[in-house]
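# Coordinates in review
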Amino acid sequence: MNIVFFPVKDTTAKLTKLCRIAEGHLAQKEPLLFLVPDKAAYDFLDKLFWSSDNFLPHPTLLTISTELLPCSSVFNLRPSALLEGAKTIYEFEDHTSPEKFQLSKHRYQTYRDQNFPITIENFI
């Protein structure tokens with residue numbers, strides 16, 4: 001598994017990155033699973049992707065789920081690390097609150113302890 005962390009400092013950066021990753025997978029015709037913690041997160045992401053500003057047709061290649069489904073690429077939006085089920089896992093290094101940053105650090109350490117290759121990608 002390859003783990004990719006995206007440092008984000010605010011909610012706008014998170015939403016922008018979610019849409020950019022989704023757009024990239026759609027352009028490459030590669031499936032992507034957004035693994036969310038609950039129904040509220042599911043509804044929020046679904047609405048974001050269907051909004052006129054960010055229209056991203058799904059579930060053709062983009063899937064949002066509260067359960068891990070078979071997919072080679074997963075954007076993990078849950079608080080805990082994902083240790084199986086994907087070739088590539090995207091994560092946020094979330095600086096939007098001290099609690100979220102601690103969860104990010106814990107996920108990073110969990111992946112590191114498992115010797116997974118980790119990349120940190122900054123973006124503008």
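In the block above lies the structure referred to throughout.
Rules and cut-offs
- Residues numbered from 1 in each chain as written.
- Predicted model: local features only at pLDDT ≥ 70, side-chain atom pairs only at ≥ 80, totals over all residues.
- Heavy atoms only, no water.
- Buried < 20%, exposed > 50% of the residue type's maximum accessible area, 1.4 Å probe, protein only.
- Helix = DSSP H or I, 4+ residues; strand = E, 2+ residues; numbered from the N terminus.
- Pairing = 2+ DSSP bridges.
- Axes fitted to C-alpha atoms, helices over the stretch in contact; angles between N-to-C directions.
- Contact = heavy atoms within 4.5 Å.
- Expected span 1.5 Å × (residues − 1).

## Observations concerning the pairing of strand S1 (residues 2-8)
Among the 7 residues in S1, 5 count as buried, and that is most of the element. Across 7 bridges, the pairing between S1 and strand S5 (residues 88-94) is parallel. Bridge pairing in S5 places Pro7 opposite Glu93. With 3 bridges connecting them, S1 and strand S6 (residues 118-120) associate as parallel partners.

## Considerations on the pairing of S5
With 6 of its 7 residues buried, S5 lies for the most part within the structure. Bridge count for strand S4 (residues 73-76) against S5 is 3 bridges, and the pairing is parallel. Bridge pairing in S5 links Ser73 to Thr88.

## Comments concerning the sheet that holds S1
Strands sit in the order S3-S2-S4-S5-S1-S6 across an open sheet of 6 strands; the sheet is parallel. On the outer flanks of this sheet lie strand S3 (62-65) and S6, each paired with one strand and no other. Each adjacent strand pair in this sheet contributes to an overall mean axis angle of 25°, direction not counted. Contacts between helix H1 (residues 11-28) and the sheet are confined to S1, strand S2 (32-35), S3, S4 and S5, with S5 contributing the most and set at about 165° to the helix. Sheet contacts for helix H2 (residues 39-50): S2 and S3; angle to S3, the most-contacted strand, approximately 155°.

## Some details on helix H3 (residues 98-113)
End to end, H3 covers 22 Å across 16 residues, agreeing with the expected 22 Å (1.5 Å per residue, within 8%). In this fold, the buried residues of H3 make contact with S1, S4, S5 and S6. Once H3 finishes, Asn115 follows within two positions and takes phi at roughly 60°, a positive value.

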